[in-house]
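Okay, here's what each chain looks like letter by letter:
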Amino acid sequence: MRAILIAAALLAGAAPAALAQSAAPTQPPAQAAPASAFQRDRQSILAQAGQHRVHFDMRENVSFRADYDPLEEKLSGGSEIVRVVHDEGDRISLQHILVMEHDGQSIVVKHWRQDWTYQPETVLTYAGPNQWTLTSVPADQRQGAWSQTVWQTDDSPRYGGVGRWTYDNGLATWTSNPTWRPLARRDAVRNPVYDRYLGTNRHILKPDGWVHIQDNMKMSGRDGGEPIAIVQEDVINTYDRNDSYSPQPGDDYWAATKAYWAAIRDQWDAVIARDSGVRLQEEAATGTVTGAPLMDLAQRLADGEIAEADAIAQGRAVILEATAAR
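One structure accompanies this document, and this report is about it. Since we're looking at a predicted model, the values are computed, not measured.

Rules used throughout
Residues numbered from 1 in each chain as written. Predicted model: local features only at pLDDT ≥ 70, side-chain atom pairs only at ≥ 80, totals over all residues. Heavy atoms only, no water. Helix = DSSP H or I, 4+ residues; strand = E, 2+ residues; numbered from the N terminus. Buried < 20%, exposed > 50% of the residue type's maximum accessible area, 1.4 Å probe, protein only. Contact = heavy atoms within 4.5 Å. Areas by Shrake-Rupley, 256 points an atom, 1.4 Å probe, with all protein chains shown as cover. Polar contact = N/O pair within 3.5 Å; in protein donor to acceptor, adjacent residues only side chain to side chain. Pairing = 2+ DSSP bridges. Core = buried A, V, L, I, M, F, W, Y, C linked by side-chain atoms within 4.5 Å.

Comments concerning the overall build of the protein chain
Reasoning step 1: Along the protein chain, the regular secondary structure elements total eight helices and 16 strands.
Reasoning step 2: Here the protein chain holds 326 residues, and the buried ones make up 49% of them.
Reasoning step 3: Restricting to contacts in the protein chain with at least 6 residues of sequence separation, those with at least 24 account for 64%.
Reasoning step 4: For the protein chain, the computed accessible surface area is about 14600 Å², with 51% contributed by carbon and sulfur atoms.

A few points about the side chain of Ser-220
Reasoning step 1: Structurally, the position occupied by Ser-220 is in strand β12 (residues 209-220).
Reasoning step 2: Polar side-chain contacts of Ser-220 include one of 3.3 Å to the backbone oxygen of Val-193.
Reasoning step 3: Apart from residues lying up to four places away in sequence, Ser-220 is in contact with Val-193, Tyr-194, Asp-195, Pro-227, Ile-228 and Ile-230.

Examining the pairing of strand β6 (residues 131-136)
In summary, the side chains of a regular strand alternate between the two faces of the sheet.
Reasoning step 1: With five bridges connecting them, strand β5 (residues 122-126) and β6 associate as antiparallel partners. Within the sheet, the bridge partner assigned to Leu-124 lies in β6 and is Leu-134.
Reasoning step 2: Once β5 ends, the chain turns through four residues before running back antiparallel as β6, passing Gly-128 with a positive phi of about 120°.
Reasoning step 3: As paired elements, β6 and strand β14 (residues 277-279) share three bridges and run antiparallel to each other. Along β14, the bridge assignment pairs Thr-133 with Gly-277.

Details of the nonpolar core
Reasoning step 1: Tyr-260, Trp-261, Ile-264, Trp-268, Val-278 and Leu-294 are the most contacted members of the largest nonpolar core, which totals 34 residues.
Reasoning step 2: Every element with two or more residues in this core is listed here: β3 (91-102), β4 (105-118), β5, α6 (248-275), α7 (291-302) and α8 (308-322).
Reasoning step 3: When residues of this core are assigned to their parent elements, the largest contribution, nine residues, is made by α6.
Reasoning step 4: The contact partners of Tyr-260, leaving out residues within four places of it in the chain, are Leu-294, Leu-297, Ala-298, Leu-301, Ala-311, Ile-312 and Gly-315.
Reasoning step 5: Among the nonpolar cores identified, the runner-up in size contains 10 residues, and Val-82, Ile-92, Leu-94 and Trp-146 belong to it.

The structure is reproduced here in C-alpha cells:
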C-alpha cells in the first residue's frame, strides 16, 4: 500500500526537492535508417524506453457548465525509467518505473505500462464505470495502425486506442482515436461532478526524449443517457532523457518482481479472454480494488518477505475474486 500512496502523492502534488534539480539531458544514440514503414514505427515506439526526468503539467482550460470553475494548474515531476518488457516484432510492451529519493532513501514505484500491437483485430476499451470490453477494430482502420493499451500500476486495464504514426513536419507522432477513460487518481479522490474522460493521446518524439499529450474532455454520465461535457483539460507529460540519477533501485525491483508481474499479466489476459473484457470495481485512491493487494504482494516479494510462488498464487487469487461474476 505504501508504494501506491507514494505514486498517488507524486502525481497529485509537487515532486520532492531532490527531484526538482535539473541536469543536462543526454542525447539518444543515433539510429540507422529504418528498412520499412513498419520498422520506422517500431523504432519510434522503442525510442520511448530509457532513463528520464518527467514533468507532469495538468490544466483544465474551458468550462462548459455555468456552475463549474476550472481547477488551478497542477505541476509535478519525478525520475522515471522505461524498460522493454517484451518485443515480439508486432507487439511491444514498455514498463514505467518511478525511481525517487527522499530523505536519503530510494523509493521505487511500479508505474503505468503501455502495450503496442500492430494492425490489431481488437483493442481493450473502457466502457463506463467498472467495465472494460474487447472492441473489434474494422479492417480499414487496422491497416498500418498500432493500438496502444495502457494499464494501471497493478496491470489492471485503464484505456486503449488505435492510431497511426506519422512523420510530417519533422515530427514522429502517434495520435489515437478518441477513447473513453476512467478518472485518474488526481480527480477520482476529489469525488468530482464528472465521472469519465473522452480523451485523445499523442506521443511525439523529440531530440532529448518524448512527450505524451492528452486532450481530455471531462464528462458526466451519472444522470443516465448520453454523457455531458463539463470541462476540457490538457495534460502534457514530458520525458527528458537524463542520466544524473542511478536507475539501479528501479532495475533491482524489476529483476526481483518481473516473474510475478508476468504471471499477473497472464492472469489478467486470461480473464479478459474469458469475459471478452473485464468487470472490475474502480477505487479512487488505487485505480481499482486490486491495486493495493497486488502492489503490496510485489513489494513483499522485493523485500524478501514472501516466496515468488506464494506471491503469484495469492495475486492470481486476488484477480479471480475481484472479477468473479456477482
